[in-house]
Amino acid sequence: MNKIRDNQHFIQLCDWCTGIEPKLKSVIEKFGYPPFWHREPDFATLILTILEQQVSLASAKSTYNKLVEKIKTVSPENLLKLTDEELRECYFSRQKAAYSRILANEIISGKLNLEDLKSQSAEEIRSTLIKIKGIGHWTIDMYLLMSLHFADIFPPGDLATIKAVYELELVQETSSKEEIIIFMKNFTPYQSVATYILWHSYIQRRNLKLE
């Protein structure tokens with residue numbers, strides 16, 4: 001399994017990516033190296049990522065913070081104690097409340113063991129998680145990228161990443177998403193690192209503040 005080992009390794013791989021595509025070097029020259037973003041590979045992270053589906057990061061974080069305020073520790077057991085009304089008070093939509101409960105039950109029943117995923121390949125992890133209602137390829141990509149640090153992941157369903165590709169003029173403005181996927185293969189086996197640089201560009205251009 002090809003993973004990013006630590007921050008020093010990450011910086012080295014950023015330099016490798018700029019050797020492949022000089023336009024990425026301009027991002028680092030202007031904004032510095034991207035952070036080596038990390039989220040714990042646990043239930044709480046998957047809940048936060050479900051909340052981030054198709055909404056702003058700020059909105060998802062607000063919902064997640066309300067959940068933490070309510071149950072302190074975001075665990076399957078604690079989440080399942082909440083009623084529909086209590087989840088609505090935390091700003092959960094009906095759909096995301098259902099997805100979160102499904103995930104919690106998968107873990108409590110033993111059907112899903114997050115510890116086991118740590119020793120599996122990206123393909124094995126994807127085949128396991130995609131079977132769970134409410135977890136699609138974007139959610140899996142985020143988990144593989146930021147929690148398990150697989151080195152060769154590109155998330156074509158991530159709007160910020162796609163926008164950054166166009167903004168940096170890495171492809172023609174008429175290029176399709178499929179053509180972007182093909183272009184990103186230039187960074188194999190380190191597409192994840194190129195993705196981090198793209199995120200960094202998107203965030204810094206907009207002066208966004210991430211917690």
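Structure first, text after, so check above.
Quick caveat, the model's predicted, so the values are computed rather than measured.

Turning next to the overall build of the protein. Secondary structure assignment for the protein yields 13 helices and zero strands. Sorting the 211 residues of the protein into buried and exposed places 49% on the buried side. A fraction of 66% describes how many contacts in the protein between residues 6 or more apart in sequence connect residues 24 or more apart. Of the roughly 11,000 Å² of accessible surface on the protein, a fraction of 50% belongs to carbon and sulfur atoms.

What follows concerns the pattern of salt bridges. When charged atoms on two side chains of opposite charge get close, those side chains can pair. What the rule picks out here adds up to nine salt bridges. Lys 118 is paired through a salt bridge with Glu 115; the nearest N and O atoms lie 2.8 Å apart. Classification of Lys 118 by relative accessible area gives partly exposed; the value is 33%. In this structure Glu 115 comes out as exposed when scored by relative accessible area, which is 52%. One salt bridge in this structure joins Glu 167 and Arg 205, with 4.0 Å as the shortest N-O distance. Here Glu 167, found in helix α11 (residues 159–167), pairs with Arg 205, found in helix α13 (residues 191–205); they are 38 residues apart in sequence, far enough to count as distant.

Assignment of secondary structure puts Gln 53 in the loop between α3 (43–51) and α4 (57–71). Within the structure, Gln 53 has its side chain in polar contact with the side chain of Thr 139 (distance 2.7 Å).

One finds Leu 24, Ile 47, Leu 67, Leu 103 and Leu 129 to be the most contacted residues of the largest nonpolar core, which totals 71 residues. Among the elements that line this core, the one with the most residues is α13, at eight residues. Leave out the neighbours within four places in its chain, and Leu 103 touches Phe 43, Leu 46, Ile 47, Ile 50, Leu 112, Ile 132 and Ile 135.

Looking now at unusual backbone geometry. Cis rather than trans, the peptide bond between Thr 188 and Pro 189 has omega equal to 15°. Relative to the assigned elements, Pro 189 resides in the loop between α12 (177–184) and α13. Positive phi is not limited to glycine here, since Glu 169 has a value of about 55°. Following the sequence through the fold, Glu 169 ends up in the loop between α11 and α12.

For Leu 46, the location among the structural elements is in helix α3. With 97 residues separating them in the primary sequence, Leu 46 and Tyr 143 have C-alpha atoms 7.4 Å apart.

Conventions adopted
- Residues numbered from 1 in each chain as written.
- Predicted model: local features only at pLDDT ≥ 70, side-chain atom pairs only at ≥ 80, totals over all residues.
- Heavy atoms only, no water.
- Helix = DSSP H or I, 4+ residues; strand = E, 2+ residues; numbered from the N terminus.
- Buried < 20%, exposed > 50% of the residue type's maximum accessible area, 1.4 Å probe, protein only.
- Contact = heavy atoms within 4.5 Å.
- Areas by Shrake-Rupley, 256 points an atom, 1.4 Å probe, with all protein chains shown as cover.
- Salt bridge = Lys/Arg side-chain N within 4 Å of Asp/Glu carboxyl O.
- Polar contact = N/O pair within 3.5 Å; in protein donor to acceptor, adjacent residues only side chain to side chain.
- Core = buried A, V, L, I, M, F, W, Y, C linked by side-chain atoms within 4.5 Å.

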